[in-house]
Amino acid sequence: MYDNFRYQGLRAKLIEKLKKKGISDDNVLRVMNVIPRHMFFDKAFHDKFAYEDIAFPIGEGQTISQPYTVAFQTSLLEVKKRDKILEIGTGCGYQTAVLCELEARVFTIERQRLLFQQSDRLLRAMGYRAKTFFGDGFKGKEVFAPFDGIIVTCGAPFVPEALKYQLKINGRMVIPVGGSDAQQMKLIVRLDKDNFSENDYGEFSFVPMLKDKSK
Ligand code: SAH
């Protein structure tokens with residue numbers, strides 16, 4: 001119902017492109033090859049844009065992340081089966097679907113009500129069982145912590161303390177940090193109760209992580 005040979009072909013081409021750009025995580029490439037990314041787009045844009053390696057508007061001034069960025073962040077997260085993963089910025093839900101296909105237990109937070117409602121509905125219809133929340137990603141989700149991984153899919157002005165302390169020991173957080181033009185992709189690993197390592201993985205460009213407006 002969702003897919004056809006044409007889309008499968010376009011997807012296979014996209015996966016080849018991602019490989020050429022340096023994505024080498026076979027699990028990530030495998031799941032991105034099966035998820036019908038066009039379902040996360042408005043119908044009018046299915047054919048032209050769903051399988052291009054570009055970010056694209058999804059309404060409410062937000063974008064679906066570029067496939068390369070999704071692949072890059074997910075690879076850095078090193079998701080294992082059954083891992084508990086927190087995503088900040090559900091948006092249209094594509095990254096959420098990638099995490100679900102990797103068989104993680106996924107918790108995802110979105111601050112725009114309309115996007116929260118739409119992605120929640122779509123993910124369910126597609127059979128993905130992520131726990132979706134409408135709320136403020138800066139606070140994380142204390143009641144479900146600690147997490148094996150946290151992935152932030154909007155540009156954060158700084159690394160939120162609350163998120164760091166919701167990581168398990170050895171837990172990984174992938175987060176773009178910086179101003180509104182560009183952000184540095186950071187991998188933060190919780191070494192023990194109070195110590196974290198921090199490494200940079202190059203410049204990316206995300207829509208900004210914004211303050212709470214759920215109340
Ligand atoms: N994961 C998405 C990316 C969506 S863009 C994908 O797969 O394409 C980033 C999203 O982060 C937007 O939908 C935006 O509304 C949301 N966002 C911004 N600030 C937030 C915050 N403080 N808490 C939760 N979500 C936030």
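Residues numbered from 1 in each chain as written. Predicted model: local features only at pLDDT ≥ 70, side-chain atom pairs only at ≥ 80, totals over all residues. Heavy atoms only, no water.

### Let's talk about the overall build of the chain
Counting its regular elements, the chain contains 7 helices and 9 strands. In terms of overall size, the chain behaves like a compact globule, its C-alpha atoms giving a radius of gyration of 16 Å where 215 residues would be expected to give roughly 17 Å. Dimensions along the principal axes, computed over C-alpha positions, put the chain at roughly 50 × 40 × 35 Å. Split into buried and exposed, the 215 residues of the chain put 54% on the buried side. Look at the contacts in the chain between residues 6 or more apart in sequence, and 53% of them connect residues 24 or more apart. Working note: accessible area of the chain is about 10500 Å², and carbon and sulfur atoms make up 51% of it. (Helix = DSSP H or I, 4+ residues; strand = E, 2+ residues; numbered from the N terminus. Rg over C-alpha atoms; globule rule 2.2 N^0.38 Å. Buried < 20%, exposed > 50% of the residue type's maximum accessible area, 1.4 Å probe, protein only. Contact = heavy atoms within 4.5 Å. Areas by Shrake-Rupley, 256 points an atom, 1.4 Å probe, with all protein chains shown as cover.)

### A short note on helix 2 (residues 26-34)
Within the span of helix 2, buried status applies to Val28, Leu29, Val31 and Met32. The inward-facing, buried residues of helix 2 contact helix 1 (5-20), helix 4 (67-77) and helix 5 (94-101). A distance of 3.0 Å separates the backbone nitrogen of Asn27 from a side-chain oxygen at the start of helix 2, and that oxygen is part of Asp25. (Polar contact = N/O pair within 3.5 Å; in protein donor to acceptor, adjacent residues only side chain to side chain.)

### Observations concerning the pairing of strand 8 (residues 183-190)
Burial analysis of strand 8 places 7 of its 8 residues in the buried class, which makes it a mostly covered element. One ladder, built from 7 bridges, connects strand 7 (residues 167-178) with strand 8; its direction is antiparallel. The residue bridging Val177 from the neighbouring strand is Gln184, located in strand 8. Hairpin connection, strand 7 to strand 8: the antiparallel pair is bridged by 4 residues. Judged from the 7 bridges that link them, strand 8 and strand 9 (residues 196-204) form a sheet pairing that is antiparallel. The partner of Val189 across the bridge, within strand 9, is Ser197. Taken together, strand 8 and the strand that follows it, strand 9, pair antiparallel across an intervening segment of 5 residues. (Pairing = 2+ DSSP bridges.)

### Section: the sheet that holds strand 4 (residues 105-110)
One open sheet accounts for 7 strands, arranged 5-4-3-6-7-8-9; its pairing is mixed. Each end of this open sheet is capped by a strand with a single partner; those strands are strand 5 (131-134) and strand 9. Averaged over all pairs of adjacent strands, the angle between their axes in this sheet comes to 15°, without regard to strand direction. In this sheet, strand 5 lies alongside strand 4 in parallel orientation, the contact comprising 4 bridges. Residue pairing for strand 5: Glu110 is matched across the bridge by Phe134. Docked against the sheet, helix 4 engages strand 3 (84-88), strand 6 (147-152), strand 7, strand 8 and strand 9, running at close to 155° with respect to strand 7. (Axes fitted to C-alpha atoms, helices over the stretch in contact; angles between N-to-C directions.)

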